[in-house]
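Descriptive analysis of the structure
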Amino acid sequence: MVIAETELDSAPITGSSPAPVDQQRPPRDLQRTFQLLLATVWLLDAVLQLQPFMFTRGSNGFSGMLNGMAGGNPGWVAQTITWNGSIVYHQPVLTNAAFASVQFLIAFGIVWRRSTTYALGLSIVWALGVWWFGEGAGGIFQGGATPFGGGPGGVLFYAVLAVLLWPSEGSDQPFVAARTVGVRVAQGIWVVVWGLLAVLALVGSGRSPQALHDLVANLNSGQPGWLAHIDRSSATLFLHQGTTLAILLAVVCVVVAVGVFLPPQLTQVTLVVAIVVFAAIWVAVQNFGGVLAGGATDPNSGLPILLFALAYWPTNERRSPGAHAVSAPVPMKAEV
Amino acid sequence: MGTPAWLYYLFGALMLVVAGYCFVLLVLSVATHRPAGRDVDISHTLMGIAMAGMFVPSWAFGPRALWELAFAVLLVWFAVRSMQSIQRFGLHVPHALVHAVMSFAMILMYWFPAGLVSGSGSMDMSMAGRPDGAHLDAGLGLLLALVFLGSAIFTLASPNKGASHHGTHLPAYAMSAAGTGSPASPHGGPDGTTGEVEAMVAIPWLEDLSHVVMCIGMAFMLILMV
């Protein structure tokens, strides 16, 4: 068969043009879409792990970064972190190549349907390990785990997402996060997470204007000009209004926590607030996790929190009318 | 110590493999008079060679201006194809768009080259930075890297195998998308010796894999440039 036709694109989302293929397609499997977005973040982490400084020994390298997480933690916690740091120090290439490989494995494992559950399981174990050894338990033991800085640890959200997105047959109603664990458990997880964020915004150095100022000021170096400009504004704002902003963030977190119990329209409003606030924090405070300065292993908590919030977005009947068979793949409309 | 040299060589070799594979696809499509996916084969061949030269500077050749011109032409081509697709099928994300973005990224990489130097110092990149000190905006680099990584993941997950080269509006893929059959090769059935070679080479999942490798290679290079 000779095919001269070369109009080879994805099916239309809107428009009045003919769409015979689209009309026959099953509804989109939203849980699968979220799994793939999570896989994309893991793939980004894997590629970030291949940066030159990650293979470097010493204070400017990966082992130095790991050892830096020990400071301020209780002795027994710090000891485990420096133990891991010393292993990386002695074998920087081997350990870093292994770390990157695990993250590639998780990303591609999530994509392949037969290995999705194994990959998500591995991602939970790996995320907890990274949280402890790589993020110093998120700074919780130091009293510096403010959500502004990524507390209680960006990688913890990877683990939470893995649980919520565990493959299962069923409906994406009333939101994707409830498909596997059920509505009550999903709501419980939501309340615990946002409640924790509210508490962490207020305890320890989380409400200290100077600490919040330093949080941004320390990230400033190496950032592109436009982000450094935003940083200066953020640092000044924190120095003058740090405590007020911490209290405001805590209030927002409490409102968002309650939002999941409200009618769908109000839930959407609280989710938009959460998304806007944490998108702003991700850019103006976390600086995309420091990725743009070339010294980060992940994009910090901003990106996974956005995914987490979107997983609770109320779904409507028309878009997700029924059960999705895990074994029945559905085509993605957006072929990016 | 920085990124070990073998990693750059590994990525460089992978880029050449992709370029070689897509060149074979290109030759087959010309031999069999089947234009489907030919533009993608051309772009991946050129990108593979160019990217290999970026990872391993000693493998680079040809004037930079010529490479920039080639990718500018590809950018315009894929941009026009994207617009044509939207005009014909309504508002959607066209398959050609990601290839337009990839061409755009290649131009940026030539405009704002990163100086890659290995730990041993043996890999001074021939394109070691611009004299005026200008560099790629890190935010744009990260955004492009995310797009390519997303494209890699969603391509791997797509049930429409080969769609990264041929899109999903090709009849074979349309049938597959509608759940009426498994994806058939968009190159059609074997025809003599060429057909046998084609049947061995033009495998939809392999075509997707070449796109995935290219996306990850480009994302890694962009991250290195950040």
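Below, the structure is looked at part by part.

Further remarks concern the overall build of chain A. What chain A contains, in helices and strands, is 13 helices and zero strands. Put simply, chain A has 336 residues, and 51% of those count as buried. Across chain A, the fraction of contacts at a sequence separation of at least 24, relative to all contacts at a separation of at least 6, is 73%. Roughly 13700 Å² of accessible area belongs to chain A as shown, and the carbon and sulfur atoms make up 68% of that amount.

In this section: the pattern of salt bridges. Residues and elements named next belong to chain A. Going through the model one piece at a time under the given rule, you end up with three salt bridges over all chains. Of the charged contacts, one joins Asp29 and Arg179 as a salt bridge, the two residues approaching to 2.8 Å between their closest N and O atoms. Here Asp29, found in the loop between helix H1 (20-24) and helix H2 (30-48), pairs with Arg179, found in helix H8 (residues 178-181); they are 150 residues apart in sequence, far enough to count as distant. According to the relative accessible area criterion, Arg179 is buried, its value standing at 8%. The partner of Arg179 in a salt bridge is Asp172, and the shortest N-O contact between them spans 3.0 Å. Residues Arg179 and Asp172 agree in their burial class; the two are buried.

A few words on the packing of aromatic side chains. Residue and element names in this part refer to chain B. Using the criterion set out here, one finds 27 aromatic pairs over all chains in the structure. Taking 5.7 Å as the distance between ring centres and 65° as the angle between the ring planes, the aromatic pair formed by Tyr9 and Trp59 counts as edge-to-face. Of the two residues, Tyr9 is situated in helix H1 (residues 5-31) and Trp59 in the loop between helix H2 (38-55) and helix H3 (64-89); the sequence distance between them amounts to 50 residues. A residue is classified by how much of its surface remains accessible, and Tyr9, at 38% relative accessible area, is partly exposed. Trp59 sits in the partly exposed class, given a relative accessible area of 32%. Ring geometry for Phe61 versus Trp67: centroids 5.8 Å apart, planes at 70°, classification edge-to-face.

It is worth spelling out unusual backbone geometry at this point. The residue after Gly151 of chain A, namely Pro152 of chain A, is reached through a cis peptide bond having omega 0°. Tracing the sequence through the fold places Pro152 of chain A in the loop between helix H6 (116-134) and helix H7 (154-164). Looking along the chain, the bond that leaves Gln173 of chain A and enters Pro174 of chain A is cis, with omega of -10°. With respect to the helices and strands, Pro174 of chain A occurs in the loop between H7 and H8. In this structure, His33 of chain B takes a positive phi of about 55° despite not being glycine. Within the secondary structure, His33 of chain B sits in the loop between H1 and H2. The class for His33 of chain B is exposed, based on a relative accessible area of 61%.

Calculation rules
- Each residue is numbered by its place in its chain's sequence as written, counting from 1.
- Here chains are named by letter from A upward and ligands by number from 1 upward, in the order in which they appear as written.
- pLDDT decides what is reported in this predicted model: residues at 70 or higher carry local features, side-chain atom pairs at 80 or more are listed and counted, and totals for whole chains, interfaces and linings draw on all residues regardless.
- As a rule here, side-chain values come from all non-hydrogen atoms in the structure, and water together with hydrogens is ignored.
- Here a strand is any run of E in DSSP of at least two residues, a helix any run of H or I of at least four, and the numbering for each starts at the N terminus.
- To sort residues, take the accessible area from a 1.4 Å probe on protein chains only and compare it with the maximum for the residue type: under 20% means buried, over 50% means exposed, and anything in between is partly exposed.
- By definition in these notes, contact holds between two residues if any of their heavy atoms fall within 4.5 Å.
- Only the protein chains shown count as covering a residue, and every accessible area follows the Shrake-Rupley method with a 1.4 Å probe.
- By definition, a salt bridge exists where a carboxyl oxygen of Asp or Glu is found within 4 Å of a side-chain nitrogen of Lys or Arg.
- A pair of Phe, Tyr and Trp rings is counted when the ring centres sit within 6.5 Å of each other, with Trp represented by its six-membered ring. The angle between the planes then sorts it: under 30 degrees is stacked, over 60 is edge-to-face, the rest tilted.

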